Each structure stands twice: as C-alpha cells, then as structure tokens.
Amino acid sequence: MSADRTTLVVPSALRNSVASVHGLHAAGSSREEVPLIWLPRRDSQLVVHVTSCGAVRANVSGPSTLAKYKFFVPGPFYVQFIFQPDAARAVFGVPVHELADRVVDLEQVWGRGAHELIERVAARREDPQAAVSAVEHLLAERIRTGAGTRGARLARHATEALATTDEPANVRRLAGELGVSERSLRQAFLDHVGLSPKRYARVARILHVVAEAGSASWARLAAQHGFYDQAHLNAEFRAFLRVTPSQYLAKQLPFVRPALPATSA
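Here the structure is a predicted model, which means the values were calculated and not measured. (Residues numbered from 1 in each chain as written. Predicted model: local features only at pLDDT ≥ 70, side-chain atom pairs only at ≥ 80, totals over all residues. Heavy atoms only, no water.)

What follows deals with the side chain of Ser17. One can find Ser17 in the loop between β1 (2-8) and β2 (18-27). Residue class for Ser17 comes out buried when judged on its relative accessible area of 11%. Excluding anything up to four places from it in sequence, Ser17 contacts Phe83, Gln84, Ala87 and Ile143. (Helix = DSSP H or I, 4+ residues; strand = E, 2+ residues; numbered from the N terminus. Buried < 20%, exposed > 50% of the residue type's maximum accessible area, 1.4 Å probe, protein only. Contact = heavy atoms within 4.5 Å.)

To continue, consider the packing of helix α8 (residues 197-211) against helix α10 (residues 230-241). Helices that pack against each other are described as a pair by the angle of their axes relative to one another and the distance between those axes. Running from N to C, α8 and α10 point in directions that differ by 105°, and their axes come no closer than 10 Å. Comparing the axis directions of α8 and α10 gives the class roughly perpendicular. Mapping the contact onto sequence places Arg199, Arg202, Val203, Arg205, Ile206, Val209 and Val210 in α8 and His232, Leu233, Glu236, Phe237, Ala239, Phe240 and Leu241 in α10. Residue classes in the contact of α8 with α10 are distributed as nine nonpolar, one polar and four charged. (Axes fitted to C-alpha atoms, helices over the stretch in contact; angles between N-to-C directions. Parallel < 35°, antiparallel > 145°, perpendicular 65-115°, else oblique. Nonpolar A, V, L, I, M, F, W, Y, C, P; charged D, E, K, R; others polar.)

A word on the pairing of strand β4 (residues 44-50). Within β4, six of the seven residues are buried, leaving the element largely enclosed by the surrounding structure. Bridge count for β4 against strand β7 (residues 77-83) is seven bridges, and the pairing is antiparallel. Bridged to Val50 within β7 is Phe77. Relative to strand β5 (residues 56-61), β4 runs antiparallel, the two being bridged by six bridges. Paired with Gln45 across the strands is Ser61, a residue of β5. Two successive antiparallel strands, β4 and β5, enclose a turn made up of five residues, where Gly54 displays a positive phi of approximately 95°. (Pairing = 2+ DSSP bridges.)

What follows covers the packing of aromatic side chains. Counting across every chain of the model gives eight aromatic pairs. With a centroid separation of 5.9 Å and an interplanar angle of 80°, the aromatic rings of Tyr69 and Phe255 are classed as edge-to-face. Of this pair, Tyr69 sits in strand β6 (residues 68-72) while Phe255 is found in the segment after α11 (245-249), placing the two residues 186 residues apart along the sequence. Owing to a relative accessible area of 1%, Tyr69 belongs among the buried residues under this scheme. Between Trp218 and Phe237, the aromatic rings sit 5.7 Å apart at their centres with planes inclined by 75°, giving edge-to-face as the arrangement. (Phe/Tyr/Trp six-rings, centres within 6.5 Å; stacked < 30°, edge-to-face > 60°.)

Look at helix α3 (residues 113-122) against helix α4 (residues 128-146): their axes get within 8 Å of each other, and the N-to-C directions meet at 155°. Viewed along their axes, α3 and α4 adopt a mutual orientation that is roughly antiparallel. In this structure, α3 crosses over α4, and the sense of that crossing is right-handed. Every residue of α4 that contacts α3 at Glu116, Leu117, Arg120 and Val121 is listed here: Ala131, Ala134, Val135, Leu138 and Leu139. Considered class by class, the residues forming the contact of α3 with α4 number seven nonpolar, no polar and two charged. (Left-handed = near helix turned anticlockwise from the far one by under 90°.)

These values are about where atoms sit, not about what they do.
Put into structure tokens, the structure is as follows:
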C-alpha cells in the first residue's frame, strides 16, 4: 500500500480557528496491523476517516492525558482538523471537558447534522485537500455562530501564555495577568480547552520532554524543564506515558491489539 500522509492547507475561512489540518490517502488496501503511539495531547480535533472495511466515520475528541500504544489496521483515508482553543467548543457544541480522554462519534454531539459532513467528505475521499475544502464553510458557520465569547478568547490567550514556559501553572498569577478571576479562568479552560490550567501545563511540559528524549541526560532534561529533580520527572513521565523514561527511550512499550469480536459456537 502506498500512502501520502501530508499536512494540508488550512482553508481561508478556517485560518483563525484551525491550528492545522492533516490528511492521508493510500492507494490499494492492506490488512496488516501497524503499531501506533498516541501521545498525550492538549488539543481538540475532528477526524473523518474511511475504515479498513470501507465505511466512512467521523469522530471528535478533546485533549488526552494518557498515552496509548496500540496495534491496529489503518484505513485508506482520513482528514484531521486540529482546533484552536477558542473554536473547539463552537465546533463541537458541548463543553470540551466532556470530551477529554474520549473519542466520540460526531453524531453524538451534532445529531443528524453529522451526516452532511460525512457525505461531503465521502464524495471526495480520493483527495484529502478537496475533502477539506468541501466542509470548509460547514465548519466555518458553526464557528461563526458559536465562537467569539469572552470565555473562548480567554482560553486562547491563556493557552498562549502557558505555551511559553515550562513552569507549573500559577492560576492566581495567570488570572491576574489576564485581568480575570481564578474561577473564570478555570471555567474557560474546562469549557474551551477541556483541562484545568494546571493539568494543561503538566501535559505541555511532559510533551516538551518527550520531544527532547535522548538529546540529553534525564537529569539535565529535568532541570531544563522545571522539574524538582529526576525523580519528579520520572513520576510525571509514568503518570502520562505509562512507562518510565528509560522504557520509553528503549521502546519497551505496552502495545495492545484490538479485541476480536466474539463468535458463537
């Protein structure tokens, strides 16, 4: 199977609300299992994909705080939209904390409106960029009618502030810098980001460490990224990655295979 995994162009109507768009189109088909690592994520996303059986599905997910290691049979096509914090709730129509650490069928949050998006993508499954263009205005309309609230703007400003530092989130200080109450800041995070400010900052910091794994000693990485010591880094690594730093670097990972459907005798 030949595949073209690529970063796609974000359509003009979505450029202020979508951080990035990715796609895959694979020629031919394969039933071969592949191992994939899903790292913790801070973002929320919408994915429309063709399963290995040929069905078109759409799902949404909020941030993820636990790594997953799985073998699975990939489908031949997908498009993936990763949203800015001030757009996710508008697109989903529900507070993002309800989708944290979950993958939910789009129909559960959109109802019958999900069918139109799926049909538009399905008609252009040979070209991921064309599929993205086909749903550009559908997504833009949901963003236009649901975004722009004070909480959405606050969430985006706050996440941008936290992205510049590895220090643990000081909610009181950050709220003061943004001119809001701590309660308002926490609520904006839960509604539009899906995590508390402190948990968001913890996920961000451990992802910085993962990105630099192997480039320096763990003790040095701990110091560079604001951990108390290497033991603190080890504990955070296990909390989010489910393995020790050394196990991760050695690729000693707890991969699992999907459960087989039950068969009757």
